[in-house]
Amino acid sequence: MIIRIMGEGQFDVADVDQTLLQKYDNQVEDAVNAGNEEAVRTALSALQDYVTTHGSPVAADYLGSSDVVIPFVDATLAEIAELLTGEGFIPDPA
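Residues numbered from 1 in each chain as written. Predicted model: local features only at pLDDT ≥ 70, side-chain atom pairs only at ≥ 80, totals over all residues. Heavy atoms only, no water.

S.K.: Help me out: how do you make sense of the environment of D17 in this one?
M.R.: If you trace the backbone, D17 turns up in the loop between strand 2 (9–12) and helix 1 (18–34). C-alpha separation for the pair D17 and G7, spaced 10 residues apart in sequence, amounts to 24 Å. A polar contact is formed between the side chain of D17 and the backbone nitrogen of T19, at a distance of 3.0 Å. A distance of 3.1 Å separates a polar side-chain atom of D17 from the backbone nitrogen of L20. (Helix = DSSP H or I, 4+ residues; strand = E, 2+ residues; numbered from the N terminus. Polar contact = N/O pair within 3.5 Å; in protein donor to acceptor, adjacent residues only side chain to side chain.)

Here is the structure:
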């Protein structure tokens, strides 16, 4: 799975702990649903940190699309909510 973090680039997260990745994603979704902007920023920052630390950067010349897009940490609550799919940013495993 390729995740694009706006302003940071793309990361391949195929080899990361998917349960932990989903946990971070769920924390963002829960904070957005609660309307808690501070919690959203904290959770979104943690999700981005996990992806950038554990994912593999995708080559700059990669022309494929991203499976998931994660917004800037300073995006508005409305902008963040717009990108959520009902399963967070990252679809729940089947």
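Now, onward.
S.K.: Explain the packing of helix 1 against helix 2 (residues 37–54) here, please?
M.R.: Relative orientation and spacing of two packed helices are given, respectively, by the angle between their axes and the distance between those axes. Taken N-terminus to C-terminus, the directions of helix 1 and helix 2 make an angle of 160 degrees; their axes are 8 Å apart at the nearest point. What the angle tells us is that helix 1 and helix 2 run roughly antiparallel. Crossing geometry of helix 1 relative to helix 2 is assigned as left-handed. Contact residues: helix 1 offers L20, L21, Y24, D25, Q27, V28, A31 and V32, while helix 2 offers A39, V40, A43, L44, A46, L47, Y50 and V51. Each residue belonging to the contact of helix 1 with helix 2 can be placed in one class, and the counts come to 14 nonpolar, 1 polar and 1 charged. (Axes fitted to C-alpha atoms, helices over the stretch in contact; angles between N-to-C directions. Parallel < 35°, antiparallel > 145°, perpendicular 65-115°, else oblique. Left-handed = near helix turned anticlockwise from the far one by under 90°. Contact = heavy atoms within 4.5 Å. Nonpolar A, V, L, I, M, F, W, Y, C, P; charged D, E, K, R; others polar.)

S.K.: I keep staring at the pairing of strand 2 and nothing clicks. Help me out?
M.R.: The side chains of a regular strand alternate, first on one face of the sheet and then on the other. The pairing of strand 1 (residues 2–5) with strand 2 spans 4 bridges and is antiparallel. Looking at the pairing, I3 lines up with F11 of strand 2. Here strand 1 hands over to strand 2 after 3 residues, with G7 in that stretch at a positive phi of 85 degrees. With 2 bridges joining them, strand 2 and strand 3 (residues 56–57) adopt antiparallel strand pairing. From the neighbouring strand, D12 faces strand 3, where its bridge partner is S56. (Pairing = 2+ DSSP bridges.)

S.K.: I would appreciate a short explanation of helix 1 in the present structure.
M.R.: For an α-helix, 3.6 residues make a turn, and residues three or four places apart therefore share a direction. In this model, helix 1 (17 residues) spans 24 Å end to end at C-alpha, consistent with the 24 Å of a helix rising 1.5 Å per residue. If you check which residues of helix 1 are buried, you get L21, Q22, Y24, D25, V28, E29, A31 and V32. Residues of helix 1 that are buried in the fold lie against strand 1, helix 2 and helix 3 (77–83). Count one or two residues on from helix 1 and you reach G35, which has phi positive near 70 degrees. (Expected span 1.5 Å × (residues − 1). Buried < 20%, exposed > 50% of the residue type's maximum accessible area, 1.4 Å probe, protein only.)

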